Amino acid sequence: AATLLTQIHEALQDLLVVQYVPSALLPVQAEVSLTKIAVKGSLKADDQAYLYEALASLVTSAKVEEQRPLLEMLLKGPAQTLSEILTGASRAGNDVAGCAGWSGRSIEAIATVSKPFTVQHASTAPAWEAVLLLVAKILEKFLQHLGREIGL
């Protein structure tokens, strides 16, 4: 099961990338949902969420000793995005609003992955702890810069 999930993940990896959308391209109206924005060659936000959730369900059905490494593999992309934003190594540069939106979409991907996990999957707790520390740091970073209109 682990080998199959790894192969599926590798085949779909490009579709799992949470895309950066510069704030200059976002609509001015706060009530417009970002899910209506599609980057050419990528999935719509809802479709990407379904894909993350499906892969996470496969992780939860794997053997207990395989779950943590598989979960880490699935969370690697969104976690790496958050890490790059925190260190300033992202391609977004000084686009605070764009980085905040990108962070929010990455956090949404992480939250979607968490859906099928329960207390029965306690062996994955260290993986969750690592990624949730990044989420907390991102929230602290943007709390200083932006109001509620960004959606973080």
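Position numbers for residues count from 1 along each chain, tracking the sequence in the order it is written. Reporting in this predicted model follows two pLDDT cut-offs: at least 70 for local features of residues, and 80 or more for side-chain atom pairs to be given and counted; totals over whole chains, interfaces and linings ignore these cut-offs and use all residues. To obtain the side-chain values, all non-hydrogen atoms of the structure were used and water was disregarded.

J.: Tell me about the nonpolar core, and please be specific about residues and values.
T.: Only buried residues count toward a nonpolar core, which is a set of Ala, Val, Leu, Ile, Met, Phe, Trp, Tyr and Cys residues joined through side-chain atoms within 4.5 Å. Burial here depends on accessible area, computed with a 1.4 Å probe over protein chains only, as a share of the maximum for the residue type. Under 20% is buried, over 50% is exposed, and the range in between is partly exposed. Grouped together as the largest cluster of nonpolar side chains are 34 residues, with contacts concentrated most on Leu71, Leu74, Val113 and Trp128. A run of H or I in DSSP counts as a helix once it spans at least four residues, and a run of E counts as a strand once it spans at least two, with each numbered from the N terminus. Mapped by element, the contributors of at least two residues to this core are α1 (2–16), α2 (45–60), α3 (64–87), α4 (96–114) and α5 (125–143). With eight residues, α3 is the largest single contributor of residues to this core. Throughout, a contact is declared for two residues whenever any of their heavy atoms are within 4.5 Å. In contact with leucine 71, not counting residues within four places along its chain, are Val59, Val113, Phe117, Thr124, Ala127 and Trp128.

J.: How would you sum up the pattern of salt bridges? Please name residues and give values.
T.: Salt bridges are defined by distance alone: a side-chain nitrogen of Lys or Arg within 4 Å of a carboxyl oxygen of Asp or Glu. One pass over the full model with this rule turns up two salt bridges. For the salt bridge of arginine 68 with glutamate 72, the shortest nitrogen-to-oxygen distance reads 3.2 Å. Note that arginine 68 and glutamate 72 are positioned in helix α3 at a spacing of four residues, about one turn of the helix.

J.: I'd like to hear about the packing of aromatic side chains, residue by residue, with values.
T.: In this description, an aromatic ring pair is defined by two values, namely the gap between the centres and the angle between the planes. Two rings from Phe, Tyr or Trp (for Trp, the six-membered ring) form a pair when their centres are within 6.5 Å of each other. A pair whose planes differ by under 30 degrees is stacked, one over 60 is edge-to-face, and the rest are tilted. Inspection of the entire model under this criterion finds two aromatic pairs. A centroid spacing of 5.3 Å and a plane angle of 55° characterise the contact between tyrosine 20 and tryptophan 102, whose relative ring orientation is tilted. Here tryptophan 102 lies in helix α4 and tyrosine 20 lies in the loop between α1 and α2, a separation of 82 residues in the sequence. Judged by its relative accessible area of 14%, tyrosine 20 is buried. The interplanar angle of 80° and the centroid separation of 5.4 Å between the aromatic rings of phenylalanine 117 and tryptophan 128 together place this pair among those described as edge-to-face.

J.: Quick rundown of α2? Include the residues and the values.
T.: Residues spaced three or four apart along an α-helix face the same direction, because each turn holds 3.6 residues. Expected helix span is taken as 1.5 Å per residue step, with the number of steps being one fewer than the number of residues. Here α2 spans 23 Å end to end across 16 residues, near enough to the 22 Å set by a 1.5 Å rise per residue. Residues Gln48, Leu51, Tyr52, Leu55, Ala56, Val59 and Thr60 constitute the buried set of α2. The inward-facing, buried residues of α2 abut α1, α3 and α4.

J.: Tell me about the packing of α1 against α3, residues and numbers included.
T.: A pair of packed helices is captured by two measures, namely the crossing angle of their axes and the spacing between those axes. The axes are straight lines fitted to the C-alpha atoms, using for helices just the contacting stretch, and the angles between their N-to-C directions are given from 0 to 180°. Relative to each other, α1 and α3 sit at 10°, their axes nearing to 10 Å. Taken together, the axis directions place α1 and α3 in an arrangement best described as roughly parallel. Across the interface between the two elements, Ala2, Leu5, Thr6, His9 and Leu16 from α1 touch Glu66, Leu70, Met73 and Leu74 from α3. In terms of residue class, the contact of α1 with α3 is built from six nonpolar, two polar and one charged. In these notes the angle categories are as follows: under 35 degrees is roughly parallel, over 145 is roughly antiparallel, 65 to 115 is roughly perpendicular, and the rest is oblique. Note on residue categories: nonpolar means Ala, Val, Leu, Ile, Met, Phe, Trp, Tyr, Cys or Pro, charged means Asp, Glu, Lys or Arg, and polar means any other residue, Gly included.

J.: Got a sec to walk through the environment of lysine 137? Specific residues and values, please.
T.: By the secondary structure assignment, lysine 137 is in helix α5. Residue classification places lysine 137 among the partly exposed residues on the basis of a relative accessible area of 48%. Between the C-alpha atom of lysine 137 and that of leucine 86, which follows or precedes it by 51 residues, the distance is 7.7 Å.

J.: I'd like a description of the environment of proline 69, backed by residues and values.
T.: Considering the arrangement of structural elements, one finds proline 69 in helix α3. Remark: the alpha-carbon pair of proline 69 and threonine 124, spanning 55 residues in sequence, is separated by 8.4 Å.

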